[in-house]
Every structure is written in structure tokens, then in C-alpha cells.
Amino acid sequence: MKSHYRVVVIGGGVVGASVLYHLAKLGWTDVCLIERSVLTAGSSWHAAGGIHALNADPNIAQLQAYTIDLLSEIEEESGQNIGLHMTGGLTMAGTPDRWEWLQSAYRTFQSIGIDDCRLVSVEEAVSLNPIMSGEGLLGGMWADREGYIDTTGTVHAYAGAAKKRGATVVEHNRVLELNQTLEGWEVVTEKGTVTCEHVVNAAGLWAKQVGRMAGIELPVSPLNHHYLISDTIPQLEDIDFEVPMTVDLEGFTYLRQDQKGVLLGIYEINHQHWMMDGAPWEYGFELQQEDPDRIEHELTLGFERYPCLQEVGVKTWVNGAFTFSPDGNPLVGPVPGKRGYWSACAVMAGFLQGGGVGKSLAEWMIHGTPEADVYGMDVARYGVWAENKQYIKETTGQFYTRRFVMTYPNEQLPAGRPVKTAGAYADMTAAGCQWGQSWDLEVPLYFAEPGFAETPSLKRSNAHDIVAEECHAIRERVGLLDITGFSRFEVSGPNAERWLNRMMASKLPKPGRARLAPMLAEDGRLKGDLTVFNWGDGTWWIMGSYYLRAWHMRWFDDHMEEGVTLRDLGEDTAGFSLSGPASTKVIEKLTDGAVSDLPFMGCGAFDIGLLRCKVGRLSVTGELGYEIHCRAGDHATLRRILLEAGTDQGIREVGFNALLSLRIEKSFGIWNAEFTQGYTAGMTGMDRWIDWDKDFVGKPAAIAERDGNGPAQIQVTLEIDAEGADASGFEPIWSEGKQVGFVTSGAYGHTTGKSLAMALINAENATPGTALSAHVVGVERQAKVIPASPYDPDGKAMRG
């Protein structure tokens, strides 16, 4: 072990070994992995080792596909046998909703390029896995590239391949402390002190302690997980193939062959946390005592699904811990506020996702950004509020329990809620508000009569008509929406304007005006679809998506310069928007200022009743509107006076579900759908806001796209001949049997009376009038490209 490395990776499980391998593969060979015991001495050695394609997040599914492709490569490169058994895999559904979801998921996989799967009948599934009972099943999905590996061999293959490329592995050397320095990090170990520019926390069950060494409280917790290995099954001795990896979603079990027996794993409803503050340092190859009583229900279902298990004994029980995050996805990337400290934790499916995690993290460290859009596993998707132990316990437990439980797109889960509520929360709840969650904040979805409960559904729910009423109120009269769930950053200082000019690709607004502002990364891909306000007093606001607060703050901090002060106003500022043709009549009752004289995209400070507020004349609904920002403590008062002032105009409180319908009628994109860090300005139409005459981050890449052949796919609006359901995202789009794109988001347009969607499709298919088709909840529907903004295409309504 040397005294200095460019990168020190802490943790010798599959994730740490993968990070080391990918760093070396991409050219950083001055890298070292430090393991407190020996490689695999944590969760890796006792993992079931299953590999499968299915994941609810398409971006994570793509990284899983990459990992599967990589396995044979590292085996050949290292010379280490990884015991790869590519048996194929089945995912089975036993309820009508689950079968419908599986058919929809199959189409999603097609849209992201995973084309080695197909839907199968129960009869075919039973022929593929003859020890499985088809009783109660409705259908399944088969994937070619599923199976299992030898976990210990795979970790050693990653590490061996890394060492062949020049990386170093040091075992039996516990990290004792971490100290941040001006140059990077000082890693104090049992065998001496090492300095490095970057440190990676890939410590698995010990991630909590390694985080605390740097003053970081990661939202992770280990939970115990059971599986059993059966004695020899005579039926398996009589067939000449291995049965496929099989997931029984209604039975909470997964199964694979193990020699001439099987491994049956269980995600039990009655979950059990273990060592929430991190595993003991001496722990490694131990297990917890099995607890069959706690998993009796799921065991019974498993033994009914595979009747042969009732005739043989259990050879081995495994009850070992794995580390989970609140939503079950990994925590990967640079930790905000800790330069040079990288997280690679909570990868509970390490052998399935470890390759993709290692690739993305290595690209991030070396090139500044990963190739894939990895927001779904970015550590910055959580904030300080997620450090709370009770929050971690509730959410990780909820995820584990629901690992195989179907979650609907419109379903609101209760764990870890509510955390943060705006000032008018109690009053809005009394008025019938139904709440969703954005980051830590409760946000309004819609307002319903007392006793209403929304039915979880893949299709239009029983809240459809309520949302329609809210949309009509905005289009015809005036709607009031709580916009506390927008992010707000204040920028000031002598170099504020210069810094904003460099960060934003658009022109900056003049004093008293606001402007839409795309923000690009160095590679030309999007980093934000933002709105910049120039308040005219030397201060500016950047507004965006609330749940991206930490993500954007990290980006701003990484590009900060002297003479600029940046402040996140998320804890200090709240607000409401008025939208609709009667908006001005409402707001002008409350101020003697010239608020009604504000031009479209104008902004300023005004007295609203007894409150001093910042007001912008803009709206995402496509109607005349005002965004009114107040102190957090004034929120309830602002709501009350706006409702009182709007009584004679028929004002109605509305939620974000209505906003999603109204904005798609205007072809207004939103982040994490039309706009992501995987897309460019040219693909999404954001290039129309770019000021090509100035210098800004990402300009060379943006020019290369503009002056080259242009993007292969571009954003369009679709009208879909849908019935009872609407597209939501990642549905494939077809032209004469050829896939030409995919839906980015969709909704029912309550004003136009049409099922609409926005989509990225091949440029040659993007002409309005082009006939296409799209799958909606697994059913192919006719579609056509239509001109943007099917409602009020000239924008007369929002300009007043």
C-alpha cells in the first residue's frame, strides 16, 4: 500500500470491486481498494446471486442490462470463473392488475431497447419451469438473459480484472477515520495513513459508519433477508436443463436452481431491521438465526407454488442483512457539501446493479458526468430531512415489505409522511385537499369531498372527474394552487449577473422581468429547465423543481465563483398561484400597486393585503396567471385573503394533477419527463431559448449539435386514440411495425377532450399528421403527431 492514491475505495464487496474495475478500465490506475477483512466479507458472500432484467425505473433497468452484459467480459479478462448460469427467467402475475402491469412493463422494456423478453402464457411458463404450479396464475414474462452467478467468484473477477489493469487491493486493513484536507482526503487505516483526491464509500453494511467518519448521515439501513436451499429434488434429476430464475410476485418469492435442489428467497411482509447504526466491525461471515415463524405466510405460498418442496427437506437456511435506501435504489454520486467524497451505497441488488453503478460512478469521477441518466440512484435525491432515523426505519421497511407488492402510479404511500407541510396545510386539508409528496414536502394533488378515497389504478381513476372540474375552473374562471413546491434560489453579489450569464444558456431577463432559462452541462445535455427572475434590486431568483433542490445546489456549488452569494429559499418562502381569465380581477382587489399593469413575464414586489409579496405574471397552465411568493409564515394568511378576494369570481382551489393536464395541452414539458440530464436542448426544443451570441457552460457541445446533422430524435405532441387510460411515460411508439420513439409523459386533456402525450421520436416521423401507434397500459392504440400546443396555440390566453 502506497501513501497516496488518486482514489481510495472503501469496501471489498461487489460494488467496491466494480468501482475499482471501472476506474482502472477508464484509465485511472492509481486507485486502491481497502477492505477491513477479505473480499466479499459482508453481504456479498451470502447473496443469492440472481440476475434479472425487470426494474420499475427504465434507467435502472438499462444499467442492469449493462451489468448482465459485463459479467462474461470480466470472467474472461480476470480468468476467474464466476459460475454464470444463464437459465432465462420468468416473472409471473397472479392478479388481473398485475398481469396488465406486466404487459405494460414488457412494452416499456421494448422502448428502452431490451428486446430479449416476451410475454408467455401460464401453460408455456409451466413448461419452462416444470416444478412450478400454474394454479392462480394469469401469465408471465420471459427474459432470455436471466439466471444466477457465483457471488464470491464474481467479486474476485471484478477485483482480479482491476488488478490486471494496475489497481491495488489491500485486505485486512480497516479504515479508522477520514479527514478532509485542502487536496482531498486523509484515510487513516490500521496499516497507516493514505492521502487521496477522492474517497468512495462502498462499505455496504458499514456505509453508515464510513459516512459518519466524514460527517455524513446517509439514509440507509440493513434489513434481514431469508432464503433457503432445499435438498435434492427428484424431479430436477429427471430433466436435462436448469429451471429458470422465477419470480412469483403474488407469492413474494423468487427461485433458482441450486445443483439438484432450489434456492427459494422471500421478501416477507413482516420485515426486520438489523443494526441500523451499521454492522459491528468484527462481523463478516456470520448470519442471523433463521426465523421460519416470521415468514410462515410467504413460505406457505412458496411451497404451494412449488409443490415439490413439500416432499424434501431444507439443506441450508440463510438469514443475512442487506443495506437498503428509502426507495430501494442505490445511493450513488458526489455527496453535496463534501468535495471528493463519493457514495456507492445501498446497492441491495449488487450483483445485478453493481456493474452499472461502478460504470456510472467511474464516468462521473473522470468525465464529470455519467453517460446514463442516473438521477434515480443519485445520492442528491435526498436532503438533510432524510437523515432522521425514524424516517429511515419507516421508509426502508416500507420498501422491503412492498418489494413484490404492486404500487400504482397514482398511489400515495404513507411511510415517512408527513415531514414538511406548508403553513396552510391544516386549512387545505379541512377543505378536502388530497396530498402527494415532493422531496420532503406535502403538495396538493386535488380537492375532494369528505370521505373520498382514490382507487389505485393503472388507468384513469375515480379522481378523473374531480381533476376535470379543477381544469375547467382554471380555464373558465380562476384557480388557486399552492406553489410552495417550487424551488427558489436567490443569487446576489457583485458577480451575480456574470455568473448567471455563464450558467444559463439563455439571455438574462432585464430588471422587473422573468425569462425561461435552459441550463446545460459541459457535454451539452440538460441540467435544468429553469425560470430566472431579475427583481431589479441586485437580486435574482432561479426557480425550478422542488425535489431537485439538493441536486441543483450541488451543481451550482461545483460551478461557483467569487463575488456570488447563493441561497436556497426552500425553507423560507412559500406561495400560491392564481390562474385563469379572472386572475387579475382577484389580485387587483388586494393591492393599490400596479400589479395589473405587469406585462407577461413581468415581476416585482407588491403589497397583497397586509403581506409584502414577490409577484411574477406567468403560469404553467397556459392561462393568464400570477405566481405570488410570500414568507413561509404568511402562507395561511395569503391563502385566506386570496380565496376571499376571489369568491365573486368563482375561485376554486386546485392541485398539481390539474396542472399536469393543463400543461400537456400547451405542450409544456416538465423535468424528469420531457427534460432530463439524458437529453439535449436540441432534442427537447429548449434550444429555441439559447442565446448563441454569449459564452455559457455547454456551448461547444450545443453548437456541435446545432451545426451537425441535428438530433436523431425530437420532442413532439401526440393525440392518442386511448380509452379509459392515458400514456404515462416510456411507452413505445411504432410506425408500420418499427419502433420510432417513446412517450415521455401523457395525460388526458380536459379542455380539448383528447388523450395527449409528449414523445421523443425519430426526426423523420415528427411531421404533424404522421400516423403512428403507441401502447397504453399494454394495448396498442392509434396515434398521430399533432402541432404543438393543441390548446390556444397562439398563446393569447396566457398573455391576457
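Residues numbered from 1 in each chain as written. Predicted model: local features only at pLDDT ≥ 70, side-chain atom pairs only at ≥ 80, totals over all residues. Heavy atoms only, no water.

## What to know about the overall build of the protein
Phase 1: When helices and strands are counted, the protein shows 20 helices and 37 strands.
Phase 2: For a compact globule of 800 residues, the expected C-alpha radius of gyration is about 28 Å, and the protein comes in at 27 Å, within 12% of that figure.
Phase 3: Oriented by its inertia axes, the alpha-carbon framework of the protein measures out at about 85 × 60 × 55 Å.
Phase 4: Here the protein, with 800 residues, has 62% of them falling under the buried criterion.
Phase 5: For the protein, restricting intrachain contacts to residue pairs at least 6 apart in sequence, the fraction spanning at least 24 positions comes to 73%.
Phase 6: Accessible surface computed for the protein: about 29400 Å², of which carbon and sulfur atoms make up 49%.
Phase 7: A distance of 6 Å separates the average location of the 67 positive side-chain charges in the protein from that of its 103 negative side-chain charges. (Helix = DSSP H or I, 4+ residues; strand = E, 2+ residues; numbered from the N terminus. Rg over C-alpha atoms; globule rule 2.2 N^0.38 Å. Buried < 20%, exposed > 50% of the residue type's maximum accessible area, 1.4 Å probe, protein only. Contact = heavy atoms within 4.5 Å. Areas by Shrake-Rupley, 256 points an atom, 1.4 Å probe, with all protein chains shown as cover. Lys, Arg positive; Asp, Glu negative; His and termini not counted. Charge placed at Lys NZ, Arg CZ, Asp CG, Glu CD.)

## So, the sheet that holds strand β36 (residues 771–776)
Phase 1: If you walk around this closed barrel you meet the six strands as β32-β35-β34-β33-β36-β37, and the pairing is antiparallel. Neighbour to neighbour, the strand axes of the sheet diverge by 40° on average, direction disregarded.
Phase 2: When strand β34 (residues 738–749) meets strand β35 (residues 754–762), the two strands line up antiparallel, connected through eight bridges. Paired with glycine 749 across the bridge in β35 is lysine 754.
Phase 3: Strands β34 and β35 of the sheet are contacted by helix α17 (residues 656–665), whose axis makes an angle of about 125° with β34. (Pairing = 2+ DSSP bridges. Axes fitted to C-alpha atoms, helices over the stretch in contact; angles between N-to-C directions.)

## A short note on the environment of alanine 24
Phase 1: Turning to its location among the elements, alanine 24 is positioned in helix α1 (residues 14–25).
Phase 2: We classify alanine 24 as buried; its relative accessible area is 5%.
Phase 3: Once you skip the residues sitting within four places of it in the chain, alanine 24 turns out to touch Thr29, Ala162, Arg165 and Ala167.

## A closer look at the environment of threonine 95
Phase 1: Locating threonine 95 in the fold gives a position in the loop between β4 (89–93) and α3 (96–111).
Phase 2: Residue classification places threonine 95 among the partly exposed residues on the basis of a relative accessible area of 28%.
Phase 3: Measuring from C-alpha to C-alpha, the distance between threonine 95 and leucine 137 comes to 7.3 Å, with 42 residues separating the pair along the chain.
Phase 4: Filtering out sequence-adjacent residues up to four positions away, threonine 95 remains in contact with Leu138 and Glu250.
Phase 5: A distance of 3.1 Å separates a polar side-chain atom of threonine 95 from the backbone nitrogen of arginine 98. (Polar contact = N/O pair within 3.5 Å; in protein donor to acceptor, adjacent residues only side chain to side chain.)

## Concerning the state of the cysteines
Phase 1: The final tally for this structure, using the stated rule, is zero disulfides.
Phase 2: We note that cysteine 471 lacks a disulfide partner, and the nearest cysteine sulfur, in cysteine 433, lies 15 Å from it.
Phase 3: Of the residues examined, cysteine 471 reaches a relative accessible area of 0% and is grouped as buried.
Phase 4: Summary of cysteine pairing: cysteine 613 is not part of a disulfide, and the nearest cysteine sulfur, belonging to cysteine 630, is at 5.5 Å. (Disulfide = S-S within 2.5 Å.)

## Description of the packing of helix α5 (residues 151–164) against helix α9 (residues 350–367)
Phase 1: Between α5 and α9, the least distance of the axes is 12 Å, while the angle of their chain directions is 10°. Comparing the axis directions of α5 and α9 gives the class roughly parallel. Residues Thr151, Thr154, Val155 and Tyr158 of α5 pack against Phe351, Gly354 and Gly355 of α9.
Phase 2: When its residues are assigned to classes, the contact of α5 with α9 shows three nonpolar, four polar and no charged. (Parallel < 35°, antiparallel > 145°, perpendicular 65-115°, else oblique. Nonpolar A, V, L, I, M, F, W, Y, C, P; charged D, E, K, R; others polar.)

## What to know about the environment of tyrosine 547
Phase 1: Its place among the elements puts tyrosine 547 in the loop between β25 (540–545) and α14 (549–558).
Phase 2: Classification of tyrosine 547 as partly exposed rests on a relative accessible area of 21%.
Phase 3: C-alpha separation for the pair tyrosine 547 and glutamine 437, spaced 110 residues apart in sequence, amounts to 9.4 Å.
Phase 4: Not counting residues up to four positions away in its chain, the partners in contact with tyrosine 547 are Tyr375, Ser438, Trp439, Trp671 and Asn672.

## Examining empty space enclosed by the protein
Phase 1: For the structure shown, the criterion picks out four cavities of 30 Å³ or more.
Phase 2: Quantified by volume, the largest cavity comes out at close to 60 Å³.
Phase 3: Its residues placed into classes, the lining of the largest cavity shows five nonpolar, four polar and one charged. (1 Å grid on protein atoms, 1.4 Å probe; cavity = no way out; pocket = protein on both sides within 12 Å on 5 of 7 lines; lining within 4 Å. Points joined across faces, edges and corners; volume = space filled by probe spheres on them.)

## Focus on the nonpolar core
As a rule of thumb, nonpolar side chains are buried together in soluble globular proteins.
Phase 1: Among the nonpolar cores identified, the biggest contains 83 residues, and Val8, Leu178, Val187, Val199, Tyr341, Leu520 and Phe533 are the most heavily contacted of them.
Phase 2: Once residues lying within four places of it in the same chain are set aside, the contact partners of leucine 520 are Met503, Ala505, Arg525, Leu526, Lys527, Trp555, Ala681, Ile690, Phe696, Val697, Gly698 and Ala702.
Phase 3: Of all hydrophobic cores here, the second largest spans 66 residues; its members include Ile74, Tyr158, Val200 and Phe404. (Core = buried A, V, L, I, M, F, W, Y, C linked by side-chain atoms within 4.5 Å.)

## Focus: the layout of surface pockets
Phase 1: Taken as a whole, the second largest pocket holds about 1100 Å³ of empty space.
Phase 2: Every residue lining the second largest pocket is counted, 44 residues in all, and those nearest its centre are Pro334, Val335, Pro336, Gly337 and Arg554.
Phase 3: Breaking the lining of the second largest pocket down by element, the ones donating at least two residues are β17 (331–334), β18 (341–345), α9 and α14.
Phase 4: Top element by residues in the lining of the second largest pocket is α14. It accounts for eight residues.
Phase 5: Here the lining of the second largest pocket is composed, by residue class, of 21 nonpolar, nine polar and 14 charged.

## Considerations on the pairing of strand β19 (residues 433–438)
Phase 1: With six bridges connecting them, β19 and strand β20 (residues 441–447) associate as antiparallel partners. Along β20, the bridge assignment pairs glycine 436 with valine 443.
Phase 2: The antiparallel hairpin formed by β19 and β20 contains two residues in its connecting segment, where tryptophan 439 sits at a positive phi of about 60°.

## What to know about the pattern of salt bridges
When their charged atoms lie close together, side chains carrying opposite charge are able to pair.
Phase 1: Applying the stated rule across the entire model yields 48 salt bridges.
Phase 2: Taking the shortest distance from any N to any O, the salt bridge between glutamate 217 and arginine 212 comes out at 2.7 Å.
Phase 3: With relative accessibility at 38%, the residue arginine 212 sits in the partly exposed group.
Phase 4: Arginine 663 serves as the salt-bridge partner of glutamate 674, at 3.0 Å between the closest nitrogen and oxygen. On the criterion of sequence distance, the pair formed by glutamate 674 in the loop between α17 and α18 (681–684) and arginine 663 in helix α17 is long-range, its members being 11 residues apart. (Salt bridge = Lys/Arg side-chain N within 4 Å of Asp/Glu carboxyl O.)

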